[in-house]
Amino acid sequence: MSDLNCPSPSALGDVALQLQQTALQAEAKIFTQEQLLRRAVNNPTVVTTTTSTATGLPASVDTPINGGVNATMSTIFNNVAFTDAFSAFDELFDLGGIIACGAAFNVVASGAVTDNSLRLTSVGTYNRSTGIDLLRAFYTNYETTASGGVDISIQGVFAVQPGEGGRVLFRHENAASTLNMSTGAIFWATRLGDLSVVKVV
Amino acid sequence: MPSATPIYSFPYPCEGEDVTVAAFANLANAIDAKLLQLQSDEFEALNRFNASAEFTNPSTNVAAGVETVITGTDSTYIIPATGVWLISCTLFPGTPATVSSVRVRVRKNAVAQFGNRVNTETNVTFPTEAVCAIRCDAGDTISFTCFYTGTGSMNVFVAWSAKMFVRIA
């Protein structure tokens, strides 16, 4: 049964007022439904990119690259009002839930390539207080001296508790030189849905 | 002087005005139009675009050291609506004379967006995947390229999928 006000027989003179109330009540109800619809279908999503070269990625170190390292960054898409392209990827994980995320980038040796040296990328969650990695997806690659740089892409889907962080780590074993991450690296994350506990009876 | 609600501008007569049947009709029509809009939004939200191809056909011949555009049926995809799209592809390489690395790249309007390069120094090739979410506008063309280091040439296929994450109205 609707809770829109009904006019009373003694209030025929207030028809204008009645229509106003009906209009406002209908608007309030539709507005609520629209917000629920938008919340359900507009998955929080961020896509950011580097706009300059990130230089000097060191060997034998897991370097977080989703913040651009020392490159400038810009936002390609953001419907969560994070204002900082450097931290948007990490901040989305604050929402918790089922989150799909990934990265795609190119790395080139600043000098010589150590033949068949490791290029290890991982994406996933970490504890903000301790910095310890939690859930991660890994992609392992090796660069040959003939390559002239390596394109890398990775993705993962994670169950994230609210307050956990997200990051993309890159590690290489190119002893001959540091690596540079080329302009146009892409970092993306989207919240697919709520965490839910299914009880089987 | 009639007024309107603050969010959707549903019209209503002000207190003391003569009320005609038009006032009822105008309010009802405005509410109906808004509900129809929500219904359309719901439909678009539940029916986000998905596209895929099992393999491009016929195969594309790639010479060593040459960035080669994949051709054939289903080798390109024209984005139907603006949004954030998850594009993934798998390159199925052949067996050239020698090969030390194989790369696949995804392009938007003939400009490389992302890719993946694998080390194949044992001359044994294997499928190479690349995946990323990128913003695309309606009418953008997605295509693919292959590049490898080695000698000779090989025939390749690409399988791909494109899924809309977020629709940008």
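The paragraphs below set out a description of the structure included in this document.

Thresholds, definitions, all that
- Once a new chain begins, its residue numbering starts again from 1 and follows that chain's sequence as written.
- Labels follow written order: the first chain is A, the first ligand is 1, and so on.
- A pLDDT threshold of at least 70 governs which residues receive local features in this predicted model, and a stricter bar of 80 or more applies before side-chain atom pairs are shown or counted, although totals over entire chains, interfaces and linings include all residues.
- Excluding hydrogens and water, the side-chain values take into account all heavy atoms of the structure.
- Numbering of helices and strands runs from the N terminus, with a helix taken as a DSSP run of H or I at least four residues long and a strand as a DSSP run of E at least two residues long.
- Atoms counted for the radius of gyration: C-alpha only. Globule rule: 2.2 Å times the number of residues to the power 0.38.
- Three labels apply to residues, based on accessible area from a 1.4 Å probe with only protein chains included: buried if under 20% of the type maximum, exposed if over 50%, partly exposed otherwise in between.
- When two rings of Phe, Tyr or Trp (its six-membered ring) have centres within 6.5 Å they constitute a pair, described as stacked for plane angles under 30 degrees, edge-to-face for angles over 60, and tilted for the intermediate range.
- Note on contacts: a residue pair qualifies if any of its non-hydrogen atoms lie within 4.5 Å across the two residues.
- Any pair of N or O atoms that falls within 3.5 Å is considered a polar contact. Within protein, one atom must be able to donate a hydrogen and the other to accept it, and sequence-neighbouring residues count only if both atoms are side-chain atoms.
- In a helix, the anticipated span is given by 1.5 Å times the number of residues less one.
- A 1.4 Å probe defines the accessible area here, and the buried area is the portion of it lost by two parts on being joined, summed over both.
- Salt bridge criterion: a side-chain nitrogen from Lys or Arg within 4 Å of a carboxyl oxygen from Asp or Glu.
- Each residue receives one of three labels: charged for Asp, Glu, Lys and Arg, nonpolar for Ala, Val, Leu, Ile, Met, Phe, Trp, Tyr, Cys and Pro, and polar for the others, Gly being one of them.
- Here, a strand pair is defined by DSSP locating no fewer than two bridges between the strands.

## Topic: the overall build of chain A
Part 1 of the reasoning: Assigned secondary structure in chain A consists of 2 helices and 11 strands.
Part 2 of the reasoning: Mapped in sequence order, the helices and strands of chain A form the string α-β-β-β-β-α-β-β-β-β-β-β-β.
Part 3 of the reasoning: The globule rule puts the C-alpha radius of gyration for 201 residues at 17 Å, and the 25 Å found for chain A is more than 25% above it.
Part 4 of the reasoning: Along the first, second and third principal axes, the C-alpha atoms of chain A reach 90 × 45 × 30 Å.
Part 5 of the reasoning: A buried classification covers 47% of the 201 residues belonging to chain A.

## Remarks on the packing of aromatic side chains
Residues and elements named next belong to chain B.
Part 1 of the reasoning: Taken as a whole and judged by the stated rule, the model has 10 aromatic pairs over all chains.
Part 2 of the reasoning: Aromatic pair Y8 and F10: ring centres 5.6 Å apart, planes at 45°, arrangement tilted. Of the two residues, Y8 and F10, both sit in the buried class.
Part 3 of the reasoning: Three or more aromatic residues joined by ring pairs make a cluster, and in this case those are F49, Y77, W85, F144 and W160.

## As for the environment of Y126 of chain A
All names here are of chain A.
Part 1 of the reasoning: Relative to the helices and strands, Y126 resides in strand 6 (residues 117–126).
Part 2 of the reasoning: Among the residues examined, Y126 registers a relative accessible area of 11% and is labelled buried.
Part 3 of the reasoning: Separated by 39 residues in the primary sequence, Y126 and G165 place their C-alpha atoms 5.1 Å from one another.
Part 4 of the reasoning: With near-sequence residues (within four places) excluded, Y126 lies in contact with D90, G131, I132, D133, L134, E164, G165, G166 and R167.
Part 5 of the reasoning: Within the structure, the side chain of Y126 is placed 2.7 Å from the side chain of D90, a separation counted as a polar contact.

## Description of helix 1 (residues 21–46) of chain B
Part 1 of the reasoning: The first and last C-alpha atoms of helix 1 of chain B sit 38 Å apart over 26 residues, in line with the 38 Å expected at 1.5 Å per residue.
Part 2 of the reasoning: Buried within helix 1 of chain B we find A23, L27, I31, K34, L38 and A45 of chain B.
Part 3 of the reasoning: Residues of helix 1 of chain B that are buried in the fold lie against helix 1 (15–41) of chain A together with strand 2 (11–12) of chain B.

## Regarding the interface of chain B and chain A
Part 1 of the reasoning: Contacts between chain B and chain A engage 49 residues on the former and 44 residues on the latter.
Part 2 of the reasoning: Counting the surface lost from both chain B and chain A, the interface buries some 3,700 Å², and carbon and sulfur atoms represent 64% of this.
Part 3 of the reasoning: Taken together, chain B and chain A are joined by 3 salt bridges.
Part 4 of the reasoning: Inspection of the region where chain B meets chain A yields 15 residue pairs in polar contact (both at pLDDT 80 or more).
Part 5 of the reasoning: Of all the secondary structure elements, the ones that give two or more residues to the side of chain B that touches chain A are helix 1, strand 7 (83–92), strand 8 (98–108), strand 9 (111–119), strand 10 (128–136) and strand 12 (153–167) of chain B.
Part 6 of the reasoning: Residue contributions to the side of chain B that touches chain A peak at 11 residues, all from helix 1 of chain B.
Part 7 of the reasoning: A class-by-class count of the residues in the side of chain B that touches chain A yields 27 nonpolar, 11 polar and 11 charged.

## Some words on the sheet that holds strand 3 (residues 63–64) of chain A
For sheets, the rule is that strands pair by backbone hydrogen bonds, running either parallel or antiparallel.
Residues and elements named next belong to chain A.
Part 1 of the reasoning: Pairing in this open sheet of 4 strands is antiparallel, and the strands run 3-9-6-7 from one edge to the other. This sheet does not close on itself; its edge strands, each paired only once, are strand 3 and strand 7 (133–143).
Part 2 of the reasoning: Looking at chain direction, strand 6 and strand 9 (residues 165–172) are connected through 8 bridges and run antiparallel. Bridged to T121 within strand 9 is F170.

## What to know about the environment of W188 of chain A
Part 1 of the reasoning: As for its placement among the helices and strands, W188 of chain A is situated in strand 11 (residues 186–193).
Part 2 of the reasoning: Sequence separation between W188 of chain A and A88 of chain A is 100 residues, and the spatial gap between their C-alpha atoms is 9.2 Å.
Part 3 of the reasoning: Residues within four places of W188 of chain A in sequence aside, it is in contact with V46, V47, F89, A100, C101, G102, A103 and Q155 of chain A together with L86, C132, A133 and F165 of chain B.

## Describing the pairing of strand 3 (residues 50–53) of chain B
Residues and elements named next belong to chain B.
Part 1 of the reasoning: With burial as the criterion, only one face of strand 3 is covered, namely that bearing A51 and A53; the residues N50 and S52 on the opposite face remain uncovered.
Part 2 of the reasoning: Pairing geometry for strand 3 and strand 12, over 4 bridges, is antiparallel. For S52, the partnering residue across the bridge sits in strand 12 and is S161.

## Details of the side chain of T50 of chain A
Residues and elements named next belong to chain A.
Part 1 of the reasoning: Position of T50 among the secondary structure elements: in strand 1 (residues 45–50).
Part 2 of the reasoning: What makes T50 buried here is its relative accessible area of 3%.
Part 3 of the reasoning: Here A185 takes part through its backbone nitrogen, which lies 3.0 Å from a polar atom of the side chain of T50.
Part 4 of the reasoning: Excluding its chain neighbours within four sequence positions, the residues that come into contact with T50 are G68, A71, T72, M73, M181, S182, T183, G184, A185 and F187.

## Quick notes on the side chain of S122 of chain A
Residues and elements named next belong to chain A.
Part 1 of the reasoning: Position of S122 relative to the elements: it lies in strand 6.
Part 2 of the reasoning: Note on S122: relative accessible area 5%, which makes it buried.
Part 3 of the reasoning: At 2.9 Å, the side chain of S122 and the side chain of R136 are in polar contact.
Part 4 of the reasoning: Other than its neighbours up to four places away in sequence, S122 contacts R136, A137, F138, I154, R167, V168 and L169.

Without other data, these values stay purely geometric and don't point to any function.
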